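Tertiary structure, described
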Amino acid sequence: MVPATDAHWYKDAVIYQVHVRAFQDSNGDGIGDFRGLAQRLDYLQRLGITTLWLMPFFPSPLRDDGYDISDYYSVHPNYGTLEDFKSFLTTAHQCGIRVIIEMVLNHTSDQHPWFQESRKSADNPFRNWYVWSDTDTRYQGVRIIFVDTELSNWARDPVSKSYYWHRFFSHQPDLNFDNPEVRDEVWNVMKFWLEMGVDGFRLDAVPYLVEREGTSCENLPETHQVIRELRAKLDQQFPGRMLLAEANQWPTDLGPYFGNGDEFHMAFHFPLMPRMFMALKLEDRKPITEILKQTPQIPDPCQWCLFLRNHDELTLEMVTDMERDYMYDEYARDRAMRLNVGIRRRLAPLLDNDRRKMELMNGLLMSLPGTPIIYYGDEIGMGDNVRLGDRNGVRTPMQWSGGWNAGFSSADPESLYSAIVLNPLYGYQAVNVEAQKRSAHSLLSWMRRLIEVRKSTQVFGRGTIEFLYPNNHRVLAYVRQLGRETVLVANNLSGSAQAVELDLARYKGSILIEMFGKNLFPRIGELPYLLTLAPYQFFWFRLRRL
Amino acid sequence: MSEESILSDDLLRQLISVGEVDILVGLPTQNNAKTIGETAQIIRSGLLKYFPRARTAILDADAGSRDGTPGLVTAAAISDTGESEMPQSLRTMHCITTTLAGTEKKGTALQTMVAAADLLRARVCAVISPETTRITPEWIDRLVRPIYQDDFDLVTPTYRRHAYDGILITNLLYPVTRALFGRRVREPNPADFAFSGKFGAYLMDRESWWQELGESGAEFCFTAAAIAGDYRLQQSFLGTKDRAENRSADLVLAMRRTLSALFWSLDEYYDAWSNHNSESQPVPTEGAEYETTLEPVRVNRKRFYEMFRSGVADLEPVLATILTTPTLEELKRCINTAEASVPFSDELWARTIYEFAGSYHHAVISRDHIIQALVPLYRGRVYTYLEQINVASPQKVEQDIEAVCRTFERCKPTLAAMWARRQGGS
């Protein structure tokens, strides 16, 4: 069962991100559902993850993979019923797995009844639930996020014969958070799911809730006020639940989303993610240490969320032009891999299917300060299909076995919501859970062990970090510390063996215990501690004074 | 440090930290605090601007500076350890420094750079003079890119020079190199140049090469080795060269370094130059092949003449062992003519140099004495040259230099004959 006492449980969590649609189909219609997901909870339990983050599963026209919600109080019939969800949630909790659900508050689908009402007339009671204008000249200069598809943040509604504001697709009108009725209703939606037992929300697109003339319409004080209101209600009525912010912003702009510990519990560290890939390709720790230096201190109860890949493109919004060009050239030479301001590829293909790189990157994910998120399928090295439109190439069915439809569904292959990856390198017959379960040395087995070691101590989730800056810039080394527990992490970011001398004078006399094999390494003495690391190798050492 | 090692343990430790690089820039420094800080910063700017994705490092091979030179070089590093505002860069840029052992510093500095470039597997190593005050970020591009992108092996510079500047090059090194080795390298003894990893590896394999070079003009030997080894050469125009008056100007020392390298190369690469009989070929050049300026400069030409005349008179017995009788007699005639009309002709100059080279080869007397004996004759040649170009245009200056080169090419058999005659046991 999920332990009920620890209010800061999210700091020690290992989160697994999954789309219900993509995980397991239980009824043979070619679409994953809650019953299927419930059947696979034992797999997730064995993997060792502690929390599930579910992408939107609400009724929706599915023009943006569910991020265009048309009913916040129900489950999309493709995925089952509300009862199926409740049953799944109960089982997950019984397995010791918490569940975070997606809450898309910034906008709705244009098919949502609220919008349908709102567009009818200027006098409609729902009119002020969205941001309307007679012209498309307000909020000039605000950036367009989906630059590949949208020309403006305004769209003209033929019914209403006026313009509505949308930061994302034009079929996703933004809600008007200046309207108290909207804020009340949003809380009602959240309360509905909280009362059902969900453990938290991942709030989508939070920087864009409020608009003001003459600003970027991002990160506005009024937006923070909305969040503080929601957080206060959450703490008061549902203590121990969690809010996770999706705010793709620079570190200095991200800090305020934690407020004084009165806004979000967690926020994604977007700028770090591309720099981890950059550091690996450059074989240089500088991108990582630099961005973490720029990362503001956050209130003690708060936590960063770290990820390597997710359901979106690998976003390159939070890098410089020079860095973006470099990332495109190194990770997305085929233009089909590029989307908006990012790269639509999964982890394994990004890393050339190099097992050593995958291990190193997951090692970083699990040892840098924050709570790690694993995107479904990355634990077995699933590939992608960049020929599928939008971001669908990284949202293909989970590959459970080498059998019919990769064990995902009994439907005819033509009925599947998405084609399964079939190529010889990443196809389901080469990469699947069943095969990897049978091998003690598979990526899946290794990931289980990694998670196990990560969970063996709270130092990774809650400890401080101090970078060591050895002269060898190909080695990223840091010390994590929590109370009396000290862990030394050394990562070789390069594809060649490296020698590195670490200044561990402060820990003189300590013995190093390698955390995976539990083997002893020599005691720290007077001289700099010499380590040699194989290509892309990393070490986690527990330091003990014995 | 082991007895044979040219790299100290400390430098080796630093190289281990640097790891593989694409571009290494070497600075052979000694008490250059006045200029080196800015030079290092400009090199860094050049690397960031033109090679932002390349793995780069700057190596200061310092000959025991006491003015804080190494610290000024290392301040240009880009790392994640400092608190200061760093320029936008993808990568770490190491600036490492080593203090050279021994007395023959310049050759050791270059050998250290070649060895470091080899160990770091650098595709390109550029060497920049620490005394320069004219460097711009573009220098880095112009020196490095031909190798980095187009697979050349040695890039030598061309400069915009004052006609009075670099006379040792225009009247001696360039004509001799061109005549003997058949390539028109305008700056065969470059202070700023770049070489490929492939060429550096070739040089590293030639242990005797480094032992012989010592303090002498190793830069010239790079050029000679590249031509003799049929490596790909390119010239790149860098802009204005510092005037000699801004640099240390010890003529005897400069000639000792330069000529010992030149004469040594004639021995080392005898097969290359003796078998080369066709017309000299131009070297591919990016930018201007040369530019000459003629703004008025005060030069005491009379002093050159007097030193020439007294030198020839004082050293006549020594010159008699080096030069053939006709050449010596002609020189003596020169010092007996009126000052304004000293006819140290191109042909006499070419013959003189070839006879000195032959005597150096056969070591008719101490080789150091041979080179020192050439100093007053060089002054005489400079006097004549300055007289020639006194009221000339830049085009006329270049025509004069071309004429000198043609003369050296025409007289090449003189050297071949001297080589053979002495070998024949005369």
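Residues numbered from 1 in each chain as written. Chains lettered and ligands numbered in written order. Predicted model: local features only at pLDDT ≥ 70, side-chain atom pairs only at ≥ 80, totals over all residues.

**So, the overall build of chain A**
This is how the line gets drawn: In this description a helix means any DSSP run of H or I spanning at least four residues, a strand means any run of E spanning at least two, and both kinds are numbered starting from the N terminus. C-alpha atoms define the radius of gyration in this analysis, and the globule rule sets the expected value at 2.2 Å times the number of residues to the power 0.38. Counting other C-beta atoms within 10 Å of its own, a residue is labelled buried from 20 upward, exposed at 12 or fewer, and partly exposed in the gap between, with every C-beta atom placed from the backbone. Residues are scored as being in contact if the C-beta atoms we place from backbone atoms lie within 7 Å.
Helix and strand counts for chain A come out as 16 helices and 22 strands. Computed over its C-alpha atoms, the radius of gyration of chain A comes to 23 Å, within 12% of the 24 Å expected for a compact globule of 546 residues. Each principal axis of the C-alpha distribution contributes one length, and for chain A these read about 80 × 55 × 50 Å. Looking at chain A as a whole, 51% of its 546 residues qualify as buried. Within chain A, contacts between residues separated by at least 24 positions form 68% of all contacts whose residues are at least 6 apart in sequence.

**Remarks on the interface of chain B and chain A**
Heads up, the condition is: Just so you know the grouping, Ala, Val, Leu, Ile, Met, Phe, Trp, Tyr, Cys and Pro go in nonpolar, Asp, Glu, Lys and Arg go in charged, and all remaining residues, Gly too, go in polar.
Listed by partner, the interface residues are 13 residues for chain B and 17 residues for chain A. Grouping the amino acids of the side of chain B that touches chain A by side-chain chemistry returns three nonpolar, seven polar and three charged.

**Side note on the sheet that holds strand 4 (residues 132–133) of chain A**
Residues and elements named next belong to chain A. Filter applied, for reference: A pair of strands counts as paired when DSSP detects no fewer than two bridges linking them.
Reading across from one edge, 4-6-5 is the order of the three strands in this open sheet, with antiparallel pairing throughout. One side of each edge strand has no neighbouring strand; the edge strands of this open sheet are strand 4 and strand 5 (154–157). Inspection of the sheet shows strand 5 paired to strand 6 (residues 162–165) by four bridges, in the antiparallel sense. Bridge pairing in strand 6 places Ala 155 opposite Tyr 164.

**Thoughts on the pairing of strand 10 (residues 303–307) of chain A**
Residue and element names in this part refer to chain A. Along strand 10, five of the five residues are buried, which leaves the element largely enclosed by surrounding structure. Burial of strand 10 is two-sided: the residues Gln 303, Cys 305 and Phe 307 facing one way and the residues Trp 304 and Leu 306 facing the other way are all buried. Relative to strand 10, strand 9 (residues 266–268) runs parallel, the two sharing three bridges. Within strand 10, the residue paired with Ala 267 across the bridge is Trp 304. As judged from the three bridges shared by strand 10 and strand 14 (residues 371–375), these two strands associate in the parallel manner. Paired with Cys 305 across the bridge in strand 14 is Thr 371.

**Some thoughts on the environment of Leu89(A)**
Residues and elements named next belong to chain A. Tracing the backbone shows Leu 89 in helix 4 (residues 82–94). Assessed through the 23 C-beta atoms surrounding it within 10 Å, Leu 89 is described here as buried. The spacing of Leu 89 and Trp 187 is 98 residues in sequence and 21 Å in space, taken between C-alpha atoms. Not counting the four nearest positions on each side in its chain, Leu 89 is found in contact with Val 99, Met 196, Gly 197 and Val 198.

**Thoughts on the nonpolar core**
Where a protein is soluble and globular, its nonpolar side chains tend to be buried together. Selection criterion: Nonpolar cores are built from buried Ala, Val, Leu, Ile, Met, Phe, Trp, Tyr and Cys residues. These are joined into a set through C-beta atoms within 7 Å.
Formed by 161 residues in total, the largest nonpolar core has its most connected members in Leu52(A), Leu244(A), Ala245(A), Ala267(A) and Met276(A). Sorting elements by how many residues they give to this core places helix 9 (residues 272–282) of chain A first, with eight residues. Listed in part, the 121 residues of the second largest apolar core include Ile140(B), Trp273(B), Ile370(B) and Val404(B).

**Some thoughts on helix 7 (residues 197–204) of chain B**
Rules: The arc refers to the directions leading from the helix axis to the C-beta atoms.
Buried within helix 7 of chain B are the following residues: Gly197(B), Phe199(B), Gly200(B) and Leu203(B). Axial view of helix 7 of chain B: buried residues confined to an arc of 160 degrees, hence all on one face.

**A look at the packing of helix 9 of chain A against helix 10 (residues 286–294) of chain A**
Residues and elements named next belong to chain A. Formally: Fitted lines through C-alpha atoms give the axes, limited to the stretch in contact for helices. The angle between two N-to-C directions lies from 0 to 180 degrees. Any angle that is under 35 degrees is reported as roughly parallel, and any over 145 degrees as roughly antiparallel; angles of 65 to 115 degrees are reported as roughly perpendicular and all others as oblique.
With their axes 7 Å apart at the nearest point, helix 9 and helix 10 run at an angle of 155 degrees to one another. Relative to helix 10, the element helix 9 lies roughly antiparallel. In contact with Leu 272, Arg 275, Met 276, Met 278, Ala 279 and Leu 282 of helix 9, helix 10 contributes Pro 287, Ile 288, Ile 291 and Leu 292.

**Looking at the pairing of strand 21 (residues 529–533) of chain A**
Residue and element names in this part refer to chain A. Judged by which residues are buried, strand 21 turns out to be one-sided: Tyr 529, Leu 531 and Leu 533 face inward and are buried, whereas Leu 530 and Thr 532, on the alternate face, are not. Sheet analysis places strand 18 (residues 498–502) next to strand 21, joined by five bridges and oriented antiparallel. Bridge assignment links Glu 501 to a residue of strand 21, and that residue is Leu 530.

**Notes on the sheet that holds strand 11 (residues 314–315) of chain A**
Residue and element names in this part refer to chain A. If you walk across this open sheet you meet the three strands as 11-13-12, and the pairing is antiparallel. This sheet does not close on itself; its edge strands, each paired only once, are strand 11 and strand 12 (338–339). Relative to strand 13 (residues 342–343), strand 12 runs antiparallel, the two sharing two bridges. Bridging from a neighbouring strand, Leu 339 pairs with Gly 342 of strand 13.

**Section: the packing of helix 10 (residues 251–268) of chain B against helix 15 (residues 346–362) of chain B**
All names here are of chain B. To be explicit about the condition: Left-handed is the label given to a crossing in which the near helix is rotated counterclockwise from the far helix by less than a right angle, and right-handed is the label when the rotation is clockwise.
Their axes nearest at 10 Å, the elements helix 10 and helix 15 cross at an angle of 65 degrees. It follows that helix 10 is roughly perpendicular to helix 15 by the angle criterion. Pair helix 10 / helix 15 crosses with right-handed handedness. In contact with Phe 263, Leu 266 and Asp 267 of helix 10, helix 15 contributes Ala 357, Tyr 360 and His 361.

**So, the confidence of the model for chain B**
What counts is decided by this rule: Looking at any residue, its pLDDT shows the predictor's confidence there, from 0 to 100.
On average, residues of chain B carry a pLDDT of 88, and 92% of them reach 70 or more. This complex was scored by the predictor with a pTM of 0.86 and an ipTM of 0.79.

**Section: unusual backbone geometry**
Residues and elements named next belong to chain A. Its identity is not glycine, yet Lys 161 carries a phi of approximately 55 degrees, on the positive side. Among the residues examined, Lys 161 registers 10 C-beta atoms within 10 Å and is labelled exposed. Even without a glycine there, the phi angle at Asn 340 is positive, about 50 degrees. Inspection of the secondary structure puts Asn 340 in the loop between strand 12 and strand 13. Note on Asn 340: 20 C-beta atoms within 10 Å, which makes it buried.

**What about helix 2 (residues 33–50) of chain B?**
All names here are of chain B. Note the following rule: Residue count minus one, scaled by 1.5 Å, sets the expected span of a helix.
Counted at 1.5 Å a residue, the expected span for helix 2 with its 18 residues is 26 Å, and the 26 Å between its end C-alpha atoms agrees. Of all the residues in helix 2, the buried ones are Ile 36, Thr 39, Ala 40, Ile 42, Ile 43, Arg 44, Gly 46, Leu 47 and Leu 48. In this fold, the buried residues of helix 2 make contact with strand 1 (23–29), strand 2 (56–62), helix 3 (69–74), strand 3 (94–99) and helix 5 (137–148).

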